[in-house]
Amino acid sequence: MKVVGLTGGIASGKSTVSKTIQSLNIPLIDCDLLARLVVEPTHACYRKLVKYFGTVILQNQQDGQPLDRYKFGTIIFSDAAQRRVANGIIHPAIRNEILKRLFQYWARGTSLVVVDVPLLLEGELWRIVSDVIVVYCPPETQLERIKARDGLSEEDALARINAQRPLIEKVDYADHVIYNTSDLESLKTATLKVMDAIKPNPFWTVLAYFPPFTVLLAGWVIAKRHLKGDPRKTLNSKKKDDDSVVAEPVSSPSTTHATPAHAS
Ligand SMILES: CC(C)(COP(=O)(O)OP(=O)(O)OC[C@H]1O[C@@H](n2cnc3c(N)ncnc32)[C@H](O)[C@@H]1O)[C@@H](O)C(=O)NCCC(=O)NCCS
Ligand SMILES: Nc1ncnc2c1ncn2[C@@H]1O[C@H](COP(=O)(O)OP(=O)(O)OP(=O)(O)O)[C@@H](O)[C@H]1O
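Residues numbered from 1 in each chain as written. Chains lettered and ligands numbered in written order. Predicted model: local features only at pLDDT ≥ 70, side-chain atom pairs only at ≥ 80, totals over all residues. Heavy atoms only, no water.

A.B. asks: Please explain the site of ligand 2 as it appears in this structure.
C.D. replies: Near ligand 2 there are 16 residues, and of these Lys14, Ser15, Thr16, Arg149 and Asn180 occur at the shortest range. Between ligand 2 and Gly9, the relevant distance is 3.5 Å, taken from an oxygen atom to a main-chain nitrogen or oxygen of the residue. Within the side chain of Ser15, one N or O atom sits 2.5 Å away from an oxygen atom of ligand 2. At three residues, helix H1 (residues 14-23) tops the list of elements feeding residues into the shell around ligand 2. Residue composition of the shell around ligand 2, grouped by class: four nonpolar, seven polar and five charged. (Near = heavy atom within 4 Å. Polar contact = N/O pair within 3.5 Å; in protein donor to acceptor, adjacent residues only side chain to side chain. Helix = DSSP H or I, 4+ residues; strand = E, 2+ residues; numbered from the N terminus. Nonpolar A, V, L, I, M, F, W, Y, C, P; charged D, E, K, R; others polar.)

A.B. asks: Is there a simple way to explain the packing of aromatic side chains in this structure?
C.D. replies: Between two aromatic rings, the relevant description is the distance of the centres plus the angle of the planes. Inspection of the entire model under this criterion finds six aromatic pairs. Here the aromatic rings of Trp106 and Tyr209 are separated by 5.7 Å at their centres, their planes lie at 20 degrees, and the arrangement is stacked. With a gap of 103 residues between them, Trp106 in helix H5 (residues 80-107) and Tyr209 in the loop between helix H10 (202-207) and helix H11 (211-228) connect regions that are remote in the sequence. Given the relative accessible area of 28%, Tyr209 is considered partly exposed. Between the aromatic rings of Phe203 and Trp204, the centroid separation amounts to 5.6 Å while the plane-to-plane angle is 70 degrees, which identifies the pairing as edge-to-face. Three or more aromatic residues joined by ring pairs make a cluster, and in this case those are Tyr52, Phe53 and Phe72. (Phe/Tyr/Trp six-rings, centres within 6.5 Å; stacked < 30°, edge-to-face > 60°. Buried < 20%, exposed > 50% of the residue type's maximum accessible area, 1.4 Å probe, protein only.)

A.B. asks: How should the UniProt feature "transmembrane region" (unreviewed entry) in the protein chain be read in this particular structure?
C.D. replies: Mapped onto the present numbering, the UniProt feature "transmembrane region" (unreviewed entry) falls at residues 203-223. The straight-line gap between the two end C-alpha atoms of residues 203-223 is 21 Å; of that span, 86% is helix and 0% is strand. (UniProt positions renumbered as here; feature names shortened; annotations may be inferred.)

A.B. asks: In this structure, what is going on with the site of ligand 1? I would like to understand it.
C.D. replies: Close to ligand 1 lie 18 residues, the nearest being Cys31, Asp32, Asn87, His91 and Gln164. Between ligand 1 and the protein, one listed contact pairs a nitrogen atom with a side-chain N or O atom of Asn87 at 2.8 Å. Relative to its unbound accessible area of 770 Å², ligand 1 is 89% covered by the protein chains. Listing elements by their share of the shell around ligand 1, those giving two or more residues are helix H2 (31-37), helix H4 (69-78) and H5. Residue classes in the shell around ligand 1 are distributed as ten nonpolar, four polar and four charged. Counting contributing residues per domain, the shell around ligand 1 is built from domain 1 (1-27 + 111-264) and domain 2 (36-109), each supplying no fewer than three. (Areas by Shrake-Rupley, 256 points an atom, 1.4 Å probe, with all protein chains shown as cover. Domains from an automatic or database assignment.)

A.B. asks: What is the right way to read the pairing of strand E5 (residues 176-179) from this model?
C.D. replies: Two faces belong to every sheet, and in a regular strand the side chains alternate between them. Burial of the side chains of E5 extends over both faces: His176 and Ile178 are buried on one face and Val177 and Tyr179 on the other. Bridge count between strand E4 (residues 131-136) and E5: four bridges; the pairing is parallel. Counterpart to Tyr136 in the pairing with E5 is Tyr179. (Pairing = 2+ DSSP bridges.)

A.B. asks: What should I look at first to understand the pairing of strand E1 (residues 2-8) in this one?
C.D. replies: Within E1, six of the seven residues are buried, leaving the element largely enclosed by the surrounding structure. Sheet topology places E1 next to strand E3 (residues 112-116); five bridges connect them, and they run parallel. What sits directly across from Lys2, in E3, is Leu112. As paired elements, E1 and E4 share five bridges and run parallel to each other. Counterpart to Gly8 in the pairing with E4 is Val135.

A.B. asks: Sorry, what's going on with the packing of helix H3 (residues 44-53) against H5 here?
C.D. replies: The angle between the axes and the distance between the axes are what describe a pair of packed helices. Interaxial distance between H3 and H5 falls to 10 Å at its minimum, and their mutual angle equals 165 degrees. With respect to each other, H3 and H5 are oriented roughly antiparallel. Of the two possible hands of crossing, H3 and H5 adopt the one that is right-handed. Counted together, Cys45, Lys48, Leu49, Tyr52 and Phe53 of H3 and Gln82, Val85, Ala86, Ile89, Ile90 and Ala93 of H5 form the full contact between these two elements. Of the residues in the contact of H3 with H5, the class split is nine nonpolar, one polar and one charged. (Axes fitted to C-alpha atoms, helices over the stretch in contact; angles between N-to-C directions. Parallel < 35°, antiparallel > 145°, perpendicular 65-115°, else oblique. Left-handed = near helix turned anticlockwise from the far one by under 90°. Contact = heavy atoms within 4.5 Å.)

Below, the structure is given as structure tokens:
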């Protein structure tokens, strides 16, 4: 089973790209949806969050009520230390849910699964994907799209953009880049082009279910990522709060660039 990682920045167009991918009947695991699941009041993460942040992050500030997403977002997007704590509670739970779903797809004989993970390159999941797709648009477009979609103030929208690494750095690490700098139709065309480039070979898909080849192909994916390097070390970033090591960018000659026809 081929596992492809889809990432980008806030409001860069991942969900829109995801819809096109799903319209091709390709299974997709949406990390933002899982992030909602693991903070439901019945989940262990909810209790840990309330214990640390208090009921101030809950609707009506009442225990047992759902998370107040705007309030919680304002806290974690404006304070790196608080964000680290929240990530430390929520991310392991999301990772477990992703791995559980990947296993279920694998058991069903699925040939290709796309995992939409906004923080793919900041965490550990980049290690298990055979290809990394980055959806890019410039920060000023991100800003406009967040404000239009979520009705946020300029200050709130900027805090959300600045809570992430600059998107251009992720482009340097990508195997395939979808430039979302034009209209929605162009985005769809660019997405279809990339999906065509990564569609799995049926021969390898069948072979991968025979144990020696399962191990060999899994080893190949891990080795491929290892050779490309740890994105957290190689992305060109000033030391940011969520990062540990920084260095110069890398670019790969094998990267697919799907640019809209009339984008500049
Ligand atoms: C703070 C929350 C409640 C805000 O909810 P809201 O409905 O406004 O936004 P939504 O969940 O749709 O996220 C929108 C985008 O924000 C960005 N984002 C979300 N969390 C983070 C984070 N911890 N660090 C950086 N960017 C983030 C992502 O690009 C994401 O696609 C929510 O984002 C959340 O629970 N975040 C923590 C979990 C997480 O890290 N999710 C993203 C990775 S899977
Ligand atoms: N090419 C485009 N032209 C016009 N609007 C667009 C384009 N691409 C995306 N949008 C709009 O921008 C907003 C952000 O897109 P989308 O929700 O797909 O981004 P995202 O990366 O999934 O965001 P998030 O990280 O916040 O989940 C949406 O309202 C979407 O309809």
